[in-house]
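Each chain is listed here by its residues.
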Amino acid sequence: MNYQKLDAALATALNELENSQETSLAVFIHTEPILNSAATAVLESFGVSGVSSGKDIFTATLSPNAISQLSEQPWVKYLKRSHQLGLVNRRLNNS
């Protein structure tokens, strides 16, 4: 695992997980803008959709093992944890 490519939130989450095969962490994958076919194949093998040359940010839900493998790729700049967004319920009182 190349921890230099992980943001603090992702590194912390990885340390808290027990099962390294469980697909449970939503991440942003920041890559070089021009990916070759081998890099595209690696991303697709981890279930990343919409992979095309020219894009440099992808989202995926990955296992710690997959994150470790991606962190070792030279074309991956860094990996950042994505947080689940929730709905905010607010009532505006016009009284």
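The paragraphs below set out a description of the structure included in this document. (Residues numbered from 1 in each chain as written. Predicted model: local features only at pLDDT ≥ 70, side-chain atom pairs only at ≥ 80, totals over all residues. Heavy atoms only, no water.)

### What about the side chain of H30?
Counting through the fold element by element, H30 comes out in strand 1 (residues 25-31). Once you skip the residues sitting within four places of it in the chain, H30 turns out to touch D56, I57, W75, V76, K77 and Y78. (Helix = DSSP H or I, 4+ residues; strand = E, 2+ residues; numbered from the N terminus. Contact = heavy atoms within 4.5 Å.)

### Notes on the sheet that holds strand 1
In spatial order, the strands read 2-1-3; together these three strands make up an open sheet with antiparallel pairing. Edge positions in the open sheet fall to strand 2 (57-62) and strand 3 (76-81), since each of these has one partner strand only. Strand-to-strand twist in this sheet, taken as the mean axis angle between neighbours without regard to direction, amounts to 30°. The pairing of strand 1 with strand 2 spans six bridges and is antiparallel. Looking at the pairing, I29 lines up with F58 of strand 2. On top of the sheet, helix 1 (residues 8-16) reaches strand 1 and strand 3; it is set at about 70° to strand 3, its chief contact. (Pairing = 2+ DSSP bridges. Axes fitted to C-alpha atoms, helices over the stretch in contact; angles between N-to-C directions.)

### Digging into the environment of K80
Looking at where K80 falls in the secondary structure, it is placed in strand 3. For K80, a relative accessible area of 40% gives the class partly exposed. In the structure, K80 is positioned 73 residues away from D7 in sequence and 5.3 Å away in space, judged by C-alpha atoms. Not counting the four nearest positions on each side in its chain, K80 is found in contact with D7, L10, A26, V27 and F28. (Buried < 20%, exposed > 50% of the residue type's maximum accessible area, 1.4 Å probe, protein only.)

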